[in-house]
Structure formats: structure tokens, C-alpha cells
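Chains, contacts and geometry: an overview
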Amino acid sequence: MTSDAQSQEVTDGFHLVIDALKLNGIDTIFGLPGIPITDLTRKAQAAGMRVISFRHEQNAGNAAAIAGFMTQKPGICLTVSAPGFLNGLTALANATTNCFPMILVSGSSEREIVDLQQGDYEEMDQLAIAKPLAKAAFRVLHAADIGVGIARAIRAAVSGRPGGVYLDLPAKLFAQTMDAEAGKKSLIKVVDPAPRQIPAQDAVQRALELLNSAKRPLILLGKGAAYAQADADIRALIERTGIPYLPMAMAKGLLPDTHEQSAAAARSYVLPAADVVMLVGARLNWLLSHGKGKTWGGKEHKDWGGQKFIQIDISPQEMDSNVRIDAPLVGDIGSCVSALLAGIGSNWARPPADWLSAIAERKNKNLAKMAETLARDPTPMTYHSALAVVRDIIKANPDAILVNEGANALDFTRSIVDMYKPRKRLDVGTWGIMGIGMGFSIAAAVVSGQPVIAIEGDSAFGFSGMEVETICRYNLPVCVVIFNNNGVYRGTDINPIGGPDVAPTVFVKGARYDKLMEAFGGVGAHATTPAELRRAMEEAIRSKKPTLINAVIDETAGTESGRITSLNPKSAKQN
Ligand SMILES: Cc1ncc(C[n+]2csc(CCOP(=O)(O)OP(=O)(O)O)c2C)c(N)n1
Ligand SMILES: [Mg+2]
């Protein structure tokens, strides 16, 4: 070697991955160490990145996904090969389904051995397995390609309709060296990773004309509208047109749920009665009964209710997925809404008064009925009496983030707890997936620094419960409230043949989940009344300490699958 070459600085795969992420403003990794990425986690921390280590990769993956939703930057989940990768894969698939931008980065075993199936340590063709579940999947074999690989992963995750991206990094890549200067030059700082997509003017005109012709217009705000961070324009569109709106679960708070134009309390009236419906970042999937059938005033299951639809979506393929879309408006939500606002001007005619008063009448009646139910204080505590407390706590702390999963624990919380600010409600999303609870809570606290309140069914909590240790380890301001009704949906099922096994939906009765939190130094509380629950929640918010409240709920109070009982197939045979 010449003396020149000796003084030449080198870099390697580890450093190039970290440098590429940092260059693109990514400052946090959610992951779980092990071969071959242990040193990557250490070196990332040494380089000033926040490395949040989990107890199971699925929770790290869910954390990355929701961090992506909250920030519009891809959340990074880092795992080991085969089993770690597979544990992260559910979160990746869920992210893709929900249009959350995330990148699952997994170490992998030796390509030569994997491809000949010679039985390497944790052997698996991970790229092939990830492909159908990800928006895009890439593998990097050479250190000089790390910059391109990460740039492609970032673009794929956040541009157009966001989604989950898989990035495969074989073990050998990390130790590969190259000249430091050449390495630096190989990195790419992605310019404009999620380019605006401006809608066509004639499409805007078509949408405005249809909206203008409506006698009973309705706007539906979806999770995409929340993701877009076009909060002020969306509010202006709704307020300047005077059109009633319904928020989907994760769009709650885009406008305060107490807004006079919210038709949420009259949902079952407005869906079939509306004549023109504008979807803003909401898909006509099962959550909206596919835009047809009885929910929409159709005679039978698959019948059209007669509504005309305007749909704002960044993906042209979303149009006509379930029913005819009369005015497709393809573009990013911010650009579409601002184009509509420009066309609306300042003297748009408000919707006919009889439509607004018909909604107000039903809404007021339903709200009064709900207020009556919430005011009751039965023993044992019910979903309603407990949620009356949660509702007050969120009202007093509108910056707090509400994470929510379960069946009854989900459905009642969604309808009872008002949200006041955008992107404060994070839940089970498109799939109704259990297990997002602690991952979402940890990411929400890490990304926002705000207090997090997780309302969890006792079953739902079990999917990610071990992460209470993670919450304690990072001393996060997370208050987990377990709605403990001794089981899945209810705690009352019995074994039909009377054997020693309990029914499949029933758990240990009277379990004390609060003790789990105490095991790791957090605060545990046991609440059997709304007053006890209120005291414990207020203390958690005040102290910012990791807290878990075991809220004992009447085990008879829930219904099968919460609000979606009808999706359960019924046996044709009696017994
Ligand atoms: C990954 C996954 N597994 C299983 C289910 C089916 N599932 C839906 S809700 C639920 C749990 C409901 O019980 P709990 O969380 O205690 O809420 P409760 O209705 O009792 O308040 C389950 C297992 C699911 N949605 N996702
Ligand atoms: Mg339960």
C-alpha cells in the first residue's frame, strides 16, 4: 500500500446506512437488536439517532408506521433476519393497508446460501416474502448502492399513496468498506419526496358543479385527510360551504368533534338521506359499507342508495372501486382542497335549510340521549360511565393523544370521546387489527412529546402488553387504561359441555393488569368506580409517569364484536 492509500479514510455499510438516513432527516429508529444489526443500533445511537428498542418487532413496526402517519416522514423499523423480519411483517402489511409510510429494514442471511437453500442461520428469502405485502421492496448488495436504496425506499414510502416499504440488507453489506469520500458522494438527499399532485382544472370544475347541485350534501373526512396536514384548508372548505360532515375514526378532531356542522351523532340518518357525498381521503371500503346497501338507503345488501359521489384521492385507481364515482378528483388532498376553495369563492350558497334542520333535530335528540346514559353511575362500572371520565379528561387535555383498540372498548370510545385537534386519535384502522396499542403509544409519545392515553380492551392489550417495560424504560408519559371485562367482548361465556376449560372468549377473572406496570417501576392503579378512574387519570396526566389503570368494567356490558356483530358468519345448523 502506498502511504497515500493508508491515510485514505474508509467508511462501511453500517455508517453509510446511518448517514443516508440522517441526510434525509430521519432521526429515530424503532427496532430490536440481534444478528446482523446489533452494531447498527449501537452505531446509530452513537451517531445521535434516537434508537427505541422494543420487546417484539411487531410493536416496533407499528410504532414506525404510526410515526410515519403523524410526521409524513417514513417511520423506520429495524429487525434481524427471518423470525424478526416476520414479526415485523404484520406491521408492514398493516401500514400498506392503512397508507402509513414506513420502511421495514431487516438484516438478512448470506444470499449465496439462502438462494441454494443450504440452511444458513435464519435463512429466508425475505425480499420475495415481503413483496406482496409492501408497496415496494428493495435489496442492497453493495455499499456503494446504499444511498440509492434508501432514497428509493423513502420515495416509495411517502410519494403518491403512502405505504410500507421493505428494505433488505444482507449481513455482508454492513462490513463492506469503501472510500469515505466516494461513500459520501454516493448518498442521496431526496428532493421533494412526496411531490404535490395538482388536480386537473376540469375535474375541479366537475366536482364543484356536482356539489353545487346538491340538495342534501355531505362531506366524509377520512384518515387520508388527517394525514395530509391541510387542516386549515379542510376546515375552511367545510365552514365556507356550510356542508355537514362525518369524520372517519382517525379523522376525528380534524375539526373539533363538537363543531356544529358535525353530523357524527346523526350518521345513520345522513348516509341514506344525502344526495351528493364528497369523500376526502376516505375509501368506500367495508367501513363505509362499500358505498351501497341498507346503510346508504339501498333496498338490499348490494343495492345503490342513489347518491352521487365526489372522491378526492391521490390514487386514480381508487375511483369506482365499489360504486360509480361521478366526479373523481385525483391529486394530493392539500392541492385538491385548495383548488376547490379557490372555485368556491366567498359567496357559496349554504345547503338548503330543511336538510340542516333535519340533521340538527336528530343530532340533538341523540346527543341528549347519550348525555343521559353517560350521567348514570351504575355498579359495576360500564363502558359508558368509564368513558364519561375519559371524555372529560380529553376535553381538559386536547393535546393528549388517544390510542384505542378492542371491540366494545374501541367502538364506545370512538363514539363517546370527542377529539378537538387533528391526528390525536390513533386506532386499529382499516383492518380493525389488535396489537397496535403499545407500539402506537410509544411512537406517539416519542414523536410528539405529548401525553398519551391508551384505551385498551383487556384482550387487545395482551397483544402488545410486554411493551409496558419499554414505556417504563424510556419513561414515557403514557397512561394505559385497560377496560377489563374479563375477556373478549364479554366475560360471561361458559363452556357448553361444562369441562374444566373456560370458554374461548373468557380470561382469568379479576386479573390485576396494574401489577404488570408496577413490576417495571411504573404506576399501577385499580379503579372500580368512575371517581377512582378520574383520580388515577388526572394523576397520570399531572405526573407524566408511565401509568397503567386496571378499570373494572361490567363483564356483561359488551356485545359480540362490538358494533360489527353482523360480520360474524352464522351456522346454518342448530347446535
Ligand atoms: C390481530 C387480531 N386478532 C384477532 C382479532 C379479533 N378481535 C377483534 S376485537 C378482539 C378483542 C376484543 O376484546 P377486548 O379487547 O377485550 O375488547 P372488549 O370488546 O372486551 O371491550 C379480537 C380478539 C383482531 N381484530 N385482530
Ligand atoms: Mg374485554
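Report follows, based on the coordinates. (Residues numbered from 1 in each chain as written. Chains lettered and ligands numbered in written order. Predicted model: local features only at pLDDT ≥ 70, side-chain atom pairs only at ≥ 80, totals over all residues. Heavy atoms only, no water.)

Examining the overall build of the protein
- If you tally the helices and strands in the protein, you get 23 helices and 19 strands.
- Here the C-alpha radius of gyration of the protein, 25 Å, is about what a compact globule of 575 residues would show, namely 25 Å.
- Along the first, second and third principal axes, the C-alpha atoms of the protein reach 90 × 65 × 55 Å.
- Considering only contacts in the protein between residues 6 or more positions apart, those separated by 24 or more positions represent 76%.
- For the protein, the separation between the mean place of its 59 positive charges and that of its 58 negative charges on side chains is 6 Å. (Helix = DSSP H or I, 4+ residues; strand = E, 2+ residues; numbered from the N terminus. Rg over C-alpha atoms; globule rule 2.2 N^0.38 Å. Contact = heavy atoms within 4.5 Å. Lys, Arg positive; Asp, Glu negative; His and termini not counted. Charge placed at Lys NZ, Arg CZ, Asp CG, Glu CD.)

Details of the packing of aromatic side chains
- The full count for this structure, using the stated rule, is eleven aromatic pairs.
- Each ring, one from phenylalanine 461 and one from tyrosine 513, has its centre 5.9 Å from the other, and the planes form 85 degrees; the classification is edge-to-face. Here phenylalanine 461 is found in helix α20 (residues 458-462), whereas its partner tyrosine 513 is found in the loop between β17 (478-484) and α22 (514-519), with 52 residues between them in sequence.
- Overall, the relative accessible area of 1% leaves phenylalanine 461 in the buried class.
- A connected cluster of aromatic rings, assembled from ring pairs, spans Phe69, Phe100, Tyr227 and Phe440.
- The ring of tryptophan 304 has arginine 324 sitting right over it, with the charged end atom 5.7 Å from the ring centre. (Phe/Tyr/Trp six-rings, centres within 6.5 Å; stacked < 30°, edge-to-face > 60°. Buried < 20%, exposed > 50% of the residue type's maximum accessible area, 1.4 Å probe, protein only. Lys NZ or Arg CZ within 6 Å of the ring centre and 35° of its normal.)

Regarding the nonpolar core
- In terms of nonpolar packing, the biggest core is built from 95 residues, with Phe30, Phe69, Ile103, Ile146 and Leu426 touching the most fellow members.
- Phenylalanine 30 has contacts with Ile52, Phe54, Ala60, Ala63, Ala64, Ala67, Ile76, Cys77, Leu78 and Ala443, leaving out every residue within four places of it along the chain.
- Counting 35 residues, the second-largest nonpolar core is a separate cluster that includes Leu221, Met278, Val280 and Cys336. (Core = buried A, V, L, I, M, F, W, Y, C linked by side-chain atoms within 4.5 Å.)

A closer look at the site of ligand 1
- The full set close to ligand 1 counts 16 residues, and Tyr383, Asn408, Gly432, Asp458 and Ala460 are the nearest of them.
- Within the backbone of asparagine 408, an N or O atom sits 2.8 Å from an oxygen atom of ligand 1.
- A distance of 3.1 Å separates a nitrogen atom of ligand 1 from a polar backbone atom of methionine 434.
- Protein chains shield 75% of the accessible area of ligand 1, which is 590 Å² for the free molecule.
- Counting residues per element, the ones that place at least two in the shell around ligand 1 are α18 (408-416) and α20.
- Tallying contributions element by element places α20 first for the shell around ligand 1, with three residues.
- Among the residues forming the shell around ligand 1, the class breakdown is eight nonpolar, seven polar and one charged. (Near = heavy atom within 4 Å. Polar contact = N/O pair within 3.5 Å; in protein donor to acceptor, adjacent residues only side chain to side chain. Areas by Shrake-Rupley, 256 points an atom, 1.4 Å probe, with all protein chains shown as cover. Nonpolar A, V, L, I, M, F, W, Y, C, P; charged D, E, K, R; others polar.)

Remarks on the side chain of arginine 283
- Relative to the assigned elements, arginine 283 resides in the loop between β11 (276-280) and β12 (308-313).
- Buried charge without a salt bridge: arginine 283, with glutamate 318 as the nearest opposite-charge side chain at an N-O distance of 5.0 Å.
- Looking at arginine 283, its side chain comes within polar contact range of the main-chain oxygen of threonine 97, at 2.9 Å.
- Ignoring anything within four residues of it in the chain, the contact list for arginine 283 reads Thr97, Asn98, Cys99, Arg161, Lys223, Leu288, Gln311, Asp313, Glu318 and Thr430. (Salt bridge = Lys/Arg side-chain N within 4 Å of Asp/Glu carboxyl O.)

Looking at the sheet that holds strand β5 (residues 102-108)
- Spatially, the six strands line up as an open sheet ordered β3-β2-β4-β5-β7-β6, and their pairing is parallel. Of all the strands in the sheet, the pair left with one neighbour each is β3 (50-53) and β6 (136-139). Neighbour-to-neighbour, the strand axes of the sheet open up by a mean angle of 20 degrees, direction not taken into account.
- Here four bridges tie strand β2 (residues 28-31) to β3, and the two strands are oriented parallel to one another. Looking at β3, one finds that isoleucine 29 is bridged to valine 51. (Pairing = 2+ DSSP bridges. Axes fitted to C-alpha atoms, helices over the stretch in contact; angles between N-to-C directions.)

What about the coordination of the magnesium ion (ligand 2)?
- The magnesium ion (ligand 2) binds to the protein through Asp458 (OD), Asn485 (OD1) and Gly487 (O); the donor distances cover 2.0 to 2.1 Å.
- In the primary structure, the donors to the magnesium ion (ligand 2) are separated according to the pattern D-x26-N-x1-G. Placement of the pair is aspartate 458 in helix α20 and asparagine 485 in the loop between β17 and α22, with a sequence separation of 27 residues. Exposure class is identical for aspartate 458 and asparagine 485. Each is buried. (Donors = N, O, S within 2.8 Å, 3.2 Å for Na, K, Ca; no water.)

Details of helix α2 (residues 13-23)
- Every buried residue of α2 is accounted for by Gly13, Phe14, Leu16, Val17, Ile18, Ala20 and Leu21.
- The N-cap of α2, judged by a side-chain oxygen 3.3 Å from the amide nitrogen of phenylalanine 14 a few residues on, is aspartate 12.
- Immediately beyond the C-terminal end of α2, within one or two residues, lies glycine 25, with a positive phi of roughly 75 degrees.

So, to be careful, I would describe these as geometric facts and stop short of saying anything about function.
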